[in-house]
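Working through the structure, step by step
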Amino acid sequence: MSLAHTILALLQQEEMTGYDLKTTCFDQCVAHLWPADQAQIYRTLDKLVEQGWISCSVEIQSDRPNRKVYSVTEAGKAEFIRWLQCHQPLPTLREPLLVQLHFAAQLPNAAIIKLLEQQLSIRQNKLAECDNIHLPKLEDCANREQMMQRLVLDLVTQREQTYIDWLKTAIDVIERTPN
């Protein structure tokens, strides 16, 4: 998946500025799936305009800076549909914590437990963020869009809960292991 395709998807829902994409979409809607900072979003918007997948119009404002509003072109819609139908390979996962743990026998248990507890806190926060996303339960979804979003959210939630369960087990094992 790419940031470009995420932006194409969001712009198909409505025309937006780069700022709107960041604050309304990436910070509130898809942060649990694909985080992006403002600079990444604007660089990608520029590339999408160059490729002809989106267009940009400038709205003149008298009391504030002018706004660049982006919308998807027919070529962008076609590219998005093409991408939706493409097989996605397994992502390359890089888990720094797991590499640390792989070599952590050199550390005292207290140091290892501290690392695990820090990760546990981060994962619990992410799970709480997912729990704060308001979507109907799968059986109560009113349309296909809600159903697809709920399926994705369920997987992200289950993944975070599994990681939390594993971290708790790892902490318990290390607490019971002599240094």
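Structure first, text after, so check above.
Residues numbered from 1 in each chain as written. Predicted model: local features only at pLDDT ≥ 70, side-chain atom pairs only at ≥ 80, totals over all residues. Heavy atoms only, no water.

Attention now goes to helix 6 (residues 109-131). Note that an α-helix has 3.6 residues per turn; residues three or four places apart therefore point the same way. Its 23 residues give helix 6 an end-to-end C-alpha distance of 32 Å, which sits within 8% of 33 Å, the value for a rise of 1.5 Å per residue. Those residues of helix 6 that sit buried are Asn109, Ile112, Ile113, Leu116, Gln119, Leu120, Arg123, Leu127 and Cys130. Residues of helix 6 that are buried make contact with helix 5 (96-102) and helix 7 (144-175). (Helix = DSSP H or I, 4+ residues; strand = E, 2+ residues; numbered from the N terminus. Expected span 1.5 Å × (residues − 1). Buried < 20%, exposed > 50% of the residue type's maximum accessible area, 1.4 Å probe, protein only. Contact = heavy atoms within 4.5 Å.)

Positionally, Asp172 belongs in helix 7. Its relative accessible area of 34% is what places Asp172 among the partly exposed residues. Between the C-alpha atoms of Asp172 and Gln28, which are 144 residues apart in sequence, the distance is 34 Å.

A word on the state of the cysteines. Think of a disulfide as a covalent bridge from one cysteine sulfur atom to another cysteine sulfur atom. Here the structure, examined in full by the defined rule, presents 0 disulfides. Cysteine Cys141 is unpaired, with the sulfur of Cys29 as its nearest cysteine sulfur at 14 Å. (Disulfide = S-S within 2.5 Å.)

This paragraph deals with the packing of helix 1 (residues 3-13) against helix 2 (residues 18-26). The contact between helix 1 and helix 2 brings their axes to 12 Å, and the two run at 85 degrees. Overall, the two elements helix 1 and helix 2 adopt an arrangement that is roughly perpendicular. Note on element contacts: helix 2 touches helix 1 through Leu21, Cys25 and Phe26, opposite Leu3, Thr6, Ile7, Leu10 and Leu11. Tallied by class, residues from the contact of helix 1 with helix 2 come to 7 nonpolar, 1 polar and no charged. (Axes fitted to C-alpha atoms, helices over the stretch in contact; angles between N-to-C directions. Parallel < 35°, antiparallel > 145°, perpendicular 65-115°, else oblique. Nonpolar A, V, L, I, M, F, W, Y, C, P; charged D, E, K, R; others polar.)

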